[in-house]
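Descriptive analysis of the structure
Each chain, letter by letter, is given below.
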Amino acid sequence: MEIWINPACSKCRSAVGLLDAEGADYTVRRYLEDVPSPDEIRAVLDRLGLEPWDITRTQEADAKELGLRDWPREAEARERWITALAGHPKLIQRPIITAEDGTAVVGRSEEAVRDALGRGGAS
């Protein structure tokens, strides 16, 4: 199990606290420092069952600067979105937890974190 976090994010700190409280075996990835490659982003999207625009923080300054709100949300634009996320990791929704069963969740709520734990993350 891996959790992508920004330590400055309260949702990330809450998710890590819950994982610790439940005795989960996990690895922390500070994704702003250890930026995911486009291939890693594609893999996480597949595990999430989502598209890149579904995990994009569109209110961030970088998103506004890039004009993401006006980008098409369709298959032909998918790679453009992935490239933007890899180039501007602050745009990636957080925290993302990859579960042992090959799936992933965006752990913005206690329920989502518990869902990841239920997918085979507790030791």
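Because the structure is predicted, anything quoted here is derived from the model rather than measured.

**Section: the pattern of salt bridges**
By the definition in use, this model includes 10 salt bridges. Across the salt bridge formed by arginine 114 and glutamate 22, the nearest N and O atoms sit 3.0 Å from each other. Pair noted here: arginine 114 is in helix α5 (residues 110–118) and glutamate 22 is in the loop between α1 (10–21) and β2 (27–30), with a separation of 92 residues, a long-range link. For arginine 114, a relative accessible area of 37% translates into the label partly exposed. Residue glutamate 22 is classed as partly exposed on the basis of its relative accessible area of 38%. Of the charged contacts in the structure, one is a salt bridge between arginine 119 and aspartate 115, with a shortest N-O distance of 2.7 Å.

**Focus on the side chain of threonine 56**
Here threonine 56 is to be found in the loop between α2 (38–48) and α3 (61–66). Given the relative accessible area of 9%, threonine 56 is considered buried. A polar contact of 2.7 Å, which involves the side chain of threonine 56, links it to the backbone oxygen of proline 52. Those residues in contact with threonine 56, other than ones at most four positions away along the chain, are Leu68, Trp81, Leu85 and Leu91.

**Describing the nonpolar core**
Core analysis: the largest hydrophobic core is formed by 21 residues, its most contacted members being Ile41, Ile55, Ile92 and Ile96. For this core, the elements supplying multiple residues, two or more each, are α2 and α4 (78–87). Among the elements that make up this core, the one with the highest residue count is α4 (five residues). In terms of nonpolar packing, the next biggest core, distinct from the first, is built from 16 residues, Met1, Ile5, Leu18 and Val113 among them.

**Quick notes on the environment of serine 37**
Inspection of the secondary structure assignment puts serine 37 in the loop between β2 and α2. In this structure serine 37 comes out as partly exposed when scored by relative accessible area, which is 28%. Counting along the chain gives 46 residues from serine 37 to threonine 83, while the straight-line C-alpha distance between them is 8.7 Å.

**Description of the packing of aromatic side chains**
Within this structure, the stated rule accounts for three aromatic pairs. Ring plane angle 70° and centroid distance 5.8 Å describe the contact between tryptophan 53 and tryptophan 81, whose orientation is recorded as edge-to-face. Within this pair, whereas tryptophan 53 is found in the loop between α2 and α3, its partner tryptophan 81 is found in helix α4, the two being separated by 28 residues in sequence. In this pair, the class of tryptophan 53 matches that of tryptophan 81, namely buried. Three or more aromatic residues joined by ring pairs form one cluster here, namely Trp53, Trp71 and Trp81. Over the aromatic face of tryptophan 71 sits the side chain of arginine 80, whose NZ or CZ is 3.8 Å from the ring centroid.

Cut-offs applied
- Residues numbered from 1 in each chain as written.
- Predicted model: local features only at pLDDT ≥ 70, side-chain atom pairs only at ≥ 80, totals over all residues.
- Heavy atoms only, no water.
- Salt bridge = Lys/Arg side-chain N within 4 Å of Asp/Glu carboxyl O.
- Helix = DSSP H or I, 4+ residues; strand = E, 2+ residues; numbered from the N terminus.
- Buried < 20%, exposed > 50% of the residue type's maximum accessible area, 1.4 Å probe, protein only.
- Polar contact = N/O pair within 3.5 Å; in protein donor to acceptor, adjacent residues only side chain to side chain.
- Contact = heavy atoms within 4.5 Å.
- Core = buried A, V, L, I, M, F, W, Y, C linked by side-chain atoms within 4.5 Å.
- Phe/Tyr/Trp six-rings, centres within 6.5 Å; stacked < 30°, edge-to-face > 60°.
- Lys NZ or Arg CZ within 6 Å of the ring centre and 35° of its normal.

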